[in-house]
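Summary of the model geometry
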Amino acid sequence: MSQSEPGRYPFRAITQRPVYDWPGGRRLALYFGVNYEVFDFDGGLGPELAPSQTEPDVMNYAWRDYGNRVGAWRLFDMFDRLELKTTALLNAEVLDRCPGLAEACRDRGDEIAAHGRTNAKAQGALSATDERAMIDDVTDRLAALGTRPTGWLGPWISESAATPDLLKAAGYRYVMDWAHDDQPTRMATRHGDLLSVPYSQEINDLPAVIQRRQEATGFAAMIRDAVTQLLTEADRRPLVLGIALHPYIMGQAHRVPPLARVLEELRRAGDPRIWWTTAGAIAEHVEANDLAV
């Protein structure tokens, strides 16, 4: 039986909520969610640079693998120059298949957040038993990096009807699957509220570059325009902008310079209203001060 609404959160227009600040009186929380993902060589789900004629799909598998072997390290260099920490969205199988990559995220001080086991499978297709086991396994494997993850992004933004309940039961503070708002909101679960931290499906290189056929200059312009618009609204309400990146897309040599230029421009401007942060820090601030609606 279908239902017309998810039943996890009520409707409340952004103009009808309490006003609050981010730390230091800032008004726009800006973070980078960087997706570190693995895929299967002989099948399974995966983005396509171009349609493959045969299986195994060597062309698209190798293109995706480039992100972990090369693109990620190019993005690390860029973020190091800009003195920015990110939220590292890690498939747990990265630990086994890409030695040193997850550890590099940890060692540079990035927040470690969970992104399922692999991006070759959609989470929402699992049974409740298998999904619970997968969440527990992923959590334990990422916790071995030194800190238990508190945030979750489902592979392919895929959820079952039980996913928020299972995440809350497993000890997660926030989920990033829901792109329904510009502020953190509360989601009801059987075990108490779970925070939803905004993760953009618009300021996201996968749909922007691969599906809409834009290039990096267009994507960089989207970032600039989004920040400009949100800052015009920030005196009235606190806002969040999550910028979603995939190393096999924005880690390509020809795409890093336009991305770096717009971020350097924003950093040089030094607007005191911007809080350069991580998704986890946003969730922690909201939870500690009971701010989300």
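No experiment lies behind these values; they were computed from the predicted model shown.

In this section: the environment of Glu111. Locating Glu111 in the fold gives a position in strand S3 (residues 111–114). With a relative accessible area of 14%, Glu111 lands in the buried category. Here the alpha-carbon distance between Glu111 and Gly33, two residues 78 residues apart in the chain, equals 9.5 Å. Ignoring any residue separated from it by four or fewer positions in sequence, one finds Glu111 in contact with Thr86, Thr87, Ala88, Thr150, Tyr174, Thr278, Ala279 and Gly280. Within polar-contact distance, the side chain of Glu111 engages the side chain of Thr87 at 2.7 Å.

Turning next to the side chain of Arg27. Note on placement: Arg27 falls in the segment before strand S1 (28–36). A polar contact is formed between the side chain of Arg27 and the backbone oxygen of Asp235, at a distance of 3.5 Å.

Quick look at the packing of aromatic side chains now. All chains considered together, the criterion is met by eleven aromatic pairs. Ring plane angle 85° and centroid distance 6.2 Å describe the contact between Phe39 and Tyr248, whose orientation is recorded as edge-to-face. Of this pair, Phe39 sits in the loop between S1 and helix H1 (58–82) while Tyr248 sits in helix H8 (residues 247–250), and the two are 209 residues apart along the sequence. Tyr248 matches Phe39 in its accessibility class, with the two residues each being buried. An angle of 85° between the planes, with centres 5.2 Å apart, marks the rings of Trp73 and Phe76 as edge-to-face. With Trp73 and Phe76 both in helix H1 and three residues apart, the pair spans about one turn of that helix. The class for Trp73 is partly exposed, based on a relative accessible area of 33%. Through successive ring pairs, a cluster of aromatic residues spans Tyr20, Trp22 and Trp275. Arg267 extends its terminal NZ or CZ atom over the ring of Trp276, reaching a point 5.0 Å from the ring centre.

This next bit is on the pairing of S1. Most of S1 is tucked away, with nine of its nine residues classed as buried. In S1, alternate side chains face the same way, and those of Leu28, Leu30, Phe32, Val34 and Tyr36 on one face and Ala29, Tyr31, Gly33 and Asn35 on the other are all buried. As paired elements, S1 and strand S8 (residues 239–245) share seven bridges and run parallel to each other. Of the residues in S8, the one forming a bridge with Tyr31 is Gly242. In terms of strand pairing, S1 meets strand S9 (residues 274–277) through four bridges, oriented parallel. Residue Tyr31 lies in a different strand from S9, and its bridge partner there is Thr277. Pairing of S1 with strand S2 (residues 87–90), which is carried by four bridges, proceeds in the parallel orientation.

Two numbers describe how H1 lies on helix H9 (residues 256–269): the axes approach to 11 Å, and their chain directions differ by 15°. In this view, H1 runs roughly parallel relative to H9, as classed from their interaxial angle. Considering the relative orientation of H1 and H9, their crossing is right-handed. Facing H1, whose interface residues are Arg74, Leu75, Met78, Phe79, Arg81 and Leu82, H9 presents Val256, Leu259, Ala260, Leu263, Glu264 and Arg267. Tallied by class, residues from the contact of H1 with H9 come to eight nonpolar, no polar and four charged.

Okay, the environment of Arg267 next. Its location among the elements puts Arg267 in helix H9. Expressed as a C-alpha distance, the spacing of Arg267 and Leu82, which sit 185 residues apart in the sequence, is 7.5 Å. Among the polar contacts listed, one links the side chain of Arg267 to the backbone oxygen of Glu83, at a separation of 3.2 Å.

Turning next to the pairing of S8. Counting buried positions along S8 gives seven out of seven residues, so the element sits mostly inside the fold. Here S8 shows two buried faces, one formed by Leu239, Leu241, Ile243 and Leu245 and the other by Val240, Gly242 and Ala244.

Our next topic: the packing of helix H7 (residues 216–233) against H9. Where H7 meets H9, the closest approach of the two axes is 8 Å, and the angle between their N-to-C directions is 20°. By the angle between their directions, the pair H7 and H9 is classed as roughly parallel. For the pair H7 and H9, the sense of crossing is right-handed. For the pair formed by H7 and H9, the contact residues are Ala216, Thr217, Ala220, Ile223, Arg224 and Val227 on the first element and Pro258, Leu259, Val262, Glu265 and Leu266 on the second.

What counts as what
Residues numbered from 1 in each chain as written. Predicted model: local features only at pLDDT ≥ 70, side-chain atom pairs only at ≥ 80, totals over all residues. Heavy atoms only, no water. Helix = DSSP H or I, 4+ residues; strand = E, 2+ residues; numbered from the N terminus. Buried < 20%, exposed > 50% of the residue type's maximum accessible area, 1.4 Å probe, protein only. Contact = heavy atoms within 4.5 Å. Polar contact = N/O pair within 3.5 Å; in protein donor to acceptor, adjacent residues only side chain to side chain. Phe/Tyr/Trp six-rings, centres within 6.5 Å; stacked < 30°, edge-to-face > 60°. Lys NZ or Arg CZ within 6 Å of the ring centre and 35° of its normal. Pairing = 2+ DSSP bridges. Axes fitted to C-alpha atoms, helices over the stretch in contact; angles between N-to-C directions. Parallel < 35°, antiparallel > 145°, perpendicular 65-115°, else oblique. Left-handed = near helix turned anticlockwise from the far one by under 90°. Nonpolar A, V, L, I, M, F, W, Y, C, P; charged D, E, K, R; others polar.

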